[in-house]
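Results of the structural survey
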Amino acid sequence: MHPTRLSAAVAALALTASLAGTLAGTASAATNPQAQAVPAPVPVPPGQGKSLALAAADKAADSGLDGLRHGADEELVRTAVTPWAGGLYYAAYQRTYKGLPVAGGGDAVVLSDSAGRVRHVTAAPAPALKLSTRATVGSAAALATARAQLAGVESASAPELTVLIKGSKPVLTWHTLVVGRTAAGLPSSLDTYVDARTGKVTQATDKILHADGRGYHNGNVTIDTATTSMTDGTRSPFRCGGQNGSAYTGSSPWGSGSANDLVTACVDIMYAAQRENDMLKQWFGYNGQNGQGGMVPARAGLGEVNAYYDGTKTTFGHNQNGTMQLTGIDVVAHEYGHEIFDKTPGSAGSSNENGGMNESTGDIFGALTEHFANNPNDTPDYTVGEKLNFLGDNKPIRYMYNPSLAGDPNCYPQLNSGTEVHAAAGPQNHWFYLLAEGSNPGGGKPASPICSGGPSSVTGIGVQKAGKIFMGALLMKTSSWNHLAARRATLASAKNSYGSAECNAVKTAWNAIGVPAQSGETDCGGTTSPDFSLALNPATGSVQPGASVTSTVNTTTTGGSAQTVQLSASGAPSGITVSFSPSSVTSGGSSTMTVQVAAGTADGTYPITVTGTGSATHTVTYQLAVGAGTPPPTGCDNTEYTYQGSLASGQAEAQPDGSYYYSATSGTHVGCLRGPAGTDFDLYLQKWNGASWTDVAVGGTAGADEDTTYYGTAGYYRYVVHAYSGSGAYTLGLSAP
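Note that the structure is a prediction, hence the values are computed from the model and not measured.

Here is what the cut-offs are and how they apply
- Residues numbered from 1 in each chain as written.
- Predicted model: local features only at pLDDT ≥ 70, side-chain atom pairs only at ≥ 80, totals over all residues.
- Heavy atoms only, no water.
- Helix = DSSP H or I, 4+ residues; strand = E, 2+ residues; numbered from the N terminus.
- Buried < 20%, exposed > 50% of the residue type's maximum accessible area, 1.4 Å probe, protein only.
- Contact = heavy atoms within 4.5 Å.
- Areas by Shrake-Rupley, 256 points an atom, 1.4 Å probe, with all protein chains shown as cover.
- Axes fitted to C-alpha atoms, helices over the stretch in contact; angles between N-to-C directions.
- Left-handed = near helix turned anticlockwise from the far one by under 90°.
- Nonpolar A, V, L, I, M, F, W, Y, C, P; charged D, E, K, R; others polar.
- pLDDT = per-residue confidence, 0-100.
- Core = buried A, V, L, I, M, F, W, Y, C linked by side-chain atoms within 4.5 Å.
- Pairing = 2+ DSSP bridges.
- Parallel < 35°, antiparallel > 145°, perpendicular 65-115°, else oblique.

Quick word on the overall build of the chain
- When helices and strands are counted, the chain shows ten helices and 34 strands.
- Every one of the 737 residues in the chain was classed for burial, and the buried ones make up 54%.
- Across the chain, every contact between residues at least 6 apart in sequence was considered, and the portion connecting residues at least 24 apart equals 68%.
- Element-wise, carbon and sulfur atoms account for 50% of the exposed surface of the chain, whose accessible area totals about 27200 Å².

Here you go:
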C-alpha cells in the first residue's frame, strides 16, 4: 500500500460506511449470493433503502432511461440527494460534456424509492453535443468582460469553463456570477456567460428581480442568535447586519421595537427566516432554504424601496414613504423563497415564465411561513404586501386568490413572453390558493375564480399538504422549468407523497387555471398503474470488428403487477446486429443483450436504443465503441458470482447491487477485482459488526487488479470497489460460503 493510499481509502470507506448516497451507480449481478431471507435476530445494516434508491437512480442516469439519454462524451453526474417522505429520494444530476459542466439544458432529476424502483424522471431537453472544448479567450479576459457589464462590482466568482446551450446550440463559454450595481444604480447579480472563442457576452441573466418591498415588524419574538452578535450558529451562514455585511453586535433583548431601527429590522428578518427554516424542516422534512440546514446572510438598511436576493445574500430596504423597513414575514420569506428556488435542481432560468414562477415561489413560501408562524401581528393570508401601503391605497400588491385584482393574469393562457415577471407570478399563485383552500373555502377566506374551461369548483386540501406537494415538485425542477413541467412534477409529487385524492386535487387546480394535461403525466387512479423501468449493465461497451460484446438488460416493476416486457433495439448501423436472450421478460427479470460486430465495421461510437414495450414504453441507450478500446477486464472466471460496473476516479461503490449479502455459515470469502489497464483500483471486504461496517480484508496494491481471501463467521458482508486513480469499467468476482 503506497503512502498516500491509506488516507484516501479511509475517506472512501467513510463515505460508504452506512451505504449512504455517495456511492456511484451500482452494477447488477447475474445472481445474488445468499439473497434469501435471513434470521430475524441478526442486526441489519442501516441505509439499505437509500442505497437501493440511489443505485436505481444512478443506473437510470447511466443507462439513459427515457429523457436521461446522453451521448458518448456526456455524463450525468449526481450533484444532490434529498430524502423525502415514504422512503423516497430525489437525485439531481448535472450533464457534463468531456468533463465540463453543461448549463441551459440536459440536467435531470430521478425520483426513486427504498425498494430500488424508479418512480419518476424529469429532464431538461438538450441537443446532441459536439464541439471543441479548447478556449481561445482566457479566463482573465472573460472575467474582465463580465465585470464590465456592471458599473460597480462588489464581487465576482472565478470563471468556469462551461458548455452553454443557447438557442438549441452548444457554445463554449466562461461562466461567472458578478454582483454589484448597474449604471442606473440598481443592485444586480448577473449570471454571465462569455463566449470562450469570441470574448463576447453570450448570455447574462440578472438573478435579482426588483420592486419586491413589503412587510412590518412582528412584535416581541424569540430569535436564535449568538450571545453578543446577530449570528445564527445553527443555520450557518445566516446572520444579520448592516450594508457592510457584518452582523450587528450587542446583547438580548435586541432592537428597540421602532419601525426604522435597523437592529429591530434584523429581529424581524431573523424571526421570519428562522420560522421559514423551521417550517421547511418540520412540515416537509427539507433541510432549510439552502438544503443544507441554513440560508444566506441578510443585510438591513438599504436606502431604497426594495428587497432582494442575489445568490449570496438578501438585502432589505424601506417602504415608499420611508415610514417602515420592509422586513415583515411575507417579504423576508419571499426573498428566502428565491434561495429555495435557486438551490433546488435546475436553479433559476432566464425566461419570463421561469422568472414569474420564481416570483410565485417566493409568494407561496411567504404564505406558508405566515401560516406556520401564525403570528397575531401578521395573521396568515394569501395577499402580498397587505401591511405595506405600497401604492398609498392600503391595498396589497398581489392577491394569490385572485391575481386580477392587482391587474395580473389569473390564467395560464393569458401569459406571453412579454409578461413582467411579478405579474407572471399570477397563474401559479392562483393554482396554489385553489389547491390549498379551494374555490369557495368559506370561514372568512375569499372565494377564488375559475378560468374558462375549468371545473365548476375546486376543493382545497389544506395549506400544509399543498406546500409539501409544491416543495416535492421543486425537487424535480430542471433548467427548462415552466407551468407544463410544474403540472407534471406536482402530480408526481402528490401521488408519491400522498395518494390518489391529493393527486386529483392537484390536477383539478391546474385545470382550473388553464394548464392543459400533458403526455405521460402521472395517473391519479386509486390503484397503482402498471409500469416498469429499464437499466443496462454495463451501459457502454467496447469491441473490435469481428467480435461481440454483451450487456444485461434489467427490468424492474415500478407500479402495479409484473408484466411482460418485449425488448427490441434500434439505431445500430450496418454490420452491427443486436439480439436478446430471452427477447421478452417478466418485469423484474433480465435479459442478455448481445451486440455482434461484423468484420470490416468502421471504427466509431454508435448509440443503440434499447426499447422495452409493455403497458408503457421505455428506452435506454447503449453506447458502443467499435475499435476504440477493449471490453471490461475479465479474469475472475473461477468465482461463483460476477459483477460489472464503471467508476470515475475517486468514486466508490458497494457490491452486490449496491447492497450486501448474508453468509449463513463460516467459511472462506474470495474476492477478485479486475480493473481497467493503467488505473489503480482497490477492493475492500467489509463485515457488519452490529453498529458499523468493518474492514476484514483489503486489496490495496498500486495496480488495477486485486485479490482478497478471508475466512469468517456467519454474518452480513459487502465488497467496496474504490477507483483510487483512473476511471473505467471493472469486473468483480466473488465466492461466499
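Still to come is the rest of the account.
Quick look at the packing of helix α6 (residues 352-373) against helix α7 (residues 426-437)
- Axis separation between α6 and α7 bottoms out at 9 Å; the angle between their running directions is 30°. Crossing handedness for the pair α6 and α7: right-handed. Contacts between α6 and α7 pair Met357, Ser360, Thr361, Asp363, Ile364, Leu368 and His371 from the former with Gln428, Asn429, Phe432 and Glu437 from the latter.
- Class assignment of the residues belonging to the contact of α6 with α7 gives a composition of four nonpolar, five polar and two charged.

Considerations on the confidence of the model for the chain
- Looking at the chain as a whole, the pLDDT averages 87, with 90% of positions reaching at least 70.
- Below pLDDT 50 for its whole length, residues 210-217 participates in 51 contacts with residues either more than four positions away or in separate chains.

Some remarks on the nonpolar core
- In this structure, Phe284, Phe365, Leu368, Trp431, Phe432 and Met471 are the most contacted members of the largest nonpolar core, which totals 60 residues.
- Tallying contributions element by element places helix α8 (residues 463-474) first for this core, with seven residues.
- Formed by 37 residues, the second largest nonpolar core is a distinct cluster that contains Ala53, Leu534, Val543 and Met593.

Points about the sheet that holds strand β17 (residues 531-537)
- Taken together, four strands build an open sheet; the order of strands is β17-β19-β23-β21 and the sheet is antiparallel. Looking at which strands have only one partner, the edges of the open sheet turn out to be β17 and β21 (576-581). Mean inter-strand twist for the sheet, computed between neighbouring axes without regard to direction, equals 25°.

A look at unusual backbone geometry
- With an omega of 5°, the peptide bond running from Ser236 to Pro237 counts as cis.
- With respect to the secondary-structure elements, Pro237 resides in the loop between β10 (201-206) and β11 (240-241).
- Look at the link from Ser252 to Pro253: it is a cis peptide, with omega at 5°.
- Within the fold, Pro253 resides in the loop between β11 and α4 (262-284).
- Look at Ser347: it is not a glycine, yet its phi comes out positive at around 50°.
- By the element assignment, Ser347 lies in the loop between α5 (329-343) and α6.
- If you check the backbone angles, Asn374 has positive phi at about 50° while not being a glycine.

Observations concerning the sheet that holds strand β24 (residues 604-613)
- One open sheet accounts for five strands, arranged β18-β25-β24-β20-β22; its pairing is mixed. Taken across any chain shown, the strands that pair with only one partner, and hence form the sheet edges, are β18 (540-543) and β22 (584-586). For this sheet, the mean angle separating the axes of adjacent strands, direction not counted, is 30°.
- Direction of pairing for β24 relative to strand β25 (residues 617-626): antiparallel, over a ladder of ten bridges.

With respect to the pairing of strand β26 (residues 641-647)
- Only one face of β26 is covered, namely the one carrying Tyr641, Tyr643, Gly645 and Leu647; the face carrying Thr642, Gln644 and Ser646 has none of its residues buried.
- When β26 meets strand β34 (residues 728-735), the two strands line up antiparallel, connected through seven bridges. Bridge pairing links Leu647 to Gly728 in β34.

Things to note about the side chain of Arg487
- Looking at where Arg487 falls in the secondary structure, it is placed in helix α9 (residues 483-497).
- Judged by its relative accessible area of 1%, Arg487 is buried.
- Not counting chain neighbours up to four residues away, the residues in contact with Arg487 comprise Lys507, Trp510, Asn511, Val515, Pro516, Ala517, Gln518 and Glu521.

Some words on the packing of α4 against α8
- Where α4 meets α8, the closest approach of the two axes is 10 Å, and the angle between their N-to-C directions is 95°. When the axis of α4 is compared with that of α8, the two are roughly perpendicular. Contacts between α4 and α8 involve Leu280, Trp283 and Phe284 from the former and Val463, Gln464, Gly467, Lys468 and Met471 from the latter.
- Of the residues in the contact of α4 with α8, the class split is five nonpolar, two polar and one charged.

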